[in-house]
Amino acid sequence: MTINESLPCASVATKANVYFDGKCVSHGLTLADGTKKSVGVILPSTLTFNTGAPEIMEGTSGRCEYLLSGSAEWVASGAGEKFSVPGNSSFQIRVSGEPYSYICHFG
């Protein structure tokens, strides 16, 4: 799988979104076609996120484990891998060792 190393024709929000006392930091992007994404990093921790729209998390470096709402099994995911989260749901993400960098695709 090819990792997105750049996103052409994007407007970047310069103000960072800082969550969980700095354990997750991201920047919002809007592509030329109006598609919204965010790029960020999660430091070693276990965090819970709620979703409005469906999301696809694409790892660009590091590794994580995730647990979707209603599931009992943690699943590993790393650079070049993606996982989907339903809208109006939640998921836990667990990072240990090196930080996990990602692109979040909304909708």
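Residues numbered from 1 in each chain as written. Predicted model: local features only at pLDDT ≥ 70, side-chain atom pairs only at ≥ 80, totals over all residues. Heavy atoms only, no water.

Undergrad: Help me understand the state of the cysteines, please; the structure alone is not making it clear to me.
TA: Linking two cysteines covalently through their sulfur atoms gives a disulfide. Taken as a whole, this structure holds zero disulfides when the rule is applied. Looking at Cys-24, it has no disulfide partner, and the nearest cysteine sulfur is the one in Cys-104, 9.5 Å off. What makes Cys-24 buried here is its relative accessible area of 0%. With relative accessibility at 3%, the residue Cys-104 sits in the buried group. (Disulfide = S-S within 2.5 Å. Buried < 20%, exposed > 50% of the residue type's maximum accessible area, 1.4 Å probe, protein only.)

Undergrad: Where do I start with the pattern of salt bridges in this structure?
TA: Once their charged atoms are close, side chains differing in charge can pair, the charge on each being opposite to the other. All told, the structure shown has one salt bridge when counted by the stated rule. In this structure, the salt-bridge partner of Glu-65 is Arg-94, at a minimum N-O distance of 3.0 Å. Of this pair, Glu-65 sits in strand β7 (residues 63-68) while Arg-94 sits in strand β10 (residues 90-95), and the two are 29 residues apart along the sequence. The class of Arg-94 is partly exposed, set by a relative accessible area of 29%. (Salt bridge = Lys/Arg side-chain N within 4 Å of Asp/Glu carboxyl O. Helix = DSSP H or I, 4+ residues; strand = E, 2+ residues; numbered from the N terminus.)

Undergrad: Please clarify how the nonpolar core should be interpreted in this entry.
TA: The nonpolar side chains of a soluble globular protein tend to be buried, and buried together. In terms of nonpolar packing, the biggest core is built from 15 residues, with Ile-42, Phe-83, Ile-93 and Tyr-100 touching the most fellow members. Of all the elements in the fold, those that place two or more residues in this core are β5 (45-50), β7, β9 (82-85), β10 and β11 (100-106). What Ile-93 contacts, discounting residues up to four positions off in sequence, is Ile-42, Ser-45, Thr-46, Leu-47, Phe-49, Cys-64, Glu-65, Tyr-66, Trp-74, Phe-83 and Tyr-100. (Core = buried A, V, L, I, M, F, W, Y, C linked by side-chain atoms within 4.5 Å. Contact = heavy atoms within 4.5 Å.)

Undergrad: Sorry, what's going on with the side chain of Glu-55 here?
TA: Here Glu-55 is to be found in strand β6 (residues 55-61). Of the side chains with opposite charge, Lys-37 lies nearest to the buried Glu-55, which makes no salt bridge, at 12 Å. (Lys, Arg positive; Asp, Glu negative; His and termini not counted.)

Undergrad: Please clarify how the packing of aromatic side chains should be interpreted in this entry.
TA: Aromatic rings in a pair are described by how distant their centres are and how their planes are angled relative to each other. Under the definition given, this model contains six aromatic pairs. Each ring, one from Phe-83 and one from Phe-91, has its centre 6.0 Å from the other, and the planes form 75 degrees; the classification is edge-to-face. Summarising the burial analysis for this pair, Phe-83 and Phe-91 share the class buried. Ring pairs connect the aromatic residues Tyr-19, Phe-20, Phe-49, Tyr-66, Phe-83 and Phe-91, which therefore count as one cluster. (Phe/Tyr/Trp six-rings, centres within 6.5 Å; stacked < 30°, edge-to-face > 60°.)

Undergrad: Can you walk me through the sheet that holds strand β8 (residues 75-78) in this structure?
TA: Two orientations exist for strands paired in a sheet by backbone hydrogen bonds: parallel and antiparallel. Spatially, four strands are ordered β5-β10-β7-β8 in an open sheet, and the strand pairing comes out antiparallel. One side of each edge strand has no neighbouring strand; the edge strands of this open sheet are β5 and β8. Strand-to-strand twist of the sheet, defined as the mean angle between neighbouring strand axes without regard to direction, takes the value 30 degrees. Bridge count for β7 against β8 is four bridges, and the pairing is antiparallel. Looking at the pairing, Glu-65 lines up with Ala-76 of β8. (Pairing = 2+ DSSP bridges. Axes fitted to C-alpha atoms, helices over the stretch in contact; angles between N-to-C directions.)

Undergrad: Got a minute to help me understand the environment of Gly-34 in this structure?
TA: You can see Gly-34 is positioned in the loop between β3 (24-31) and β4 (36-42). Linking Gly-34 and Ser-11, residues 23 residues apart in sequence, is a C-alpha distance of 9.6 Å.

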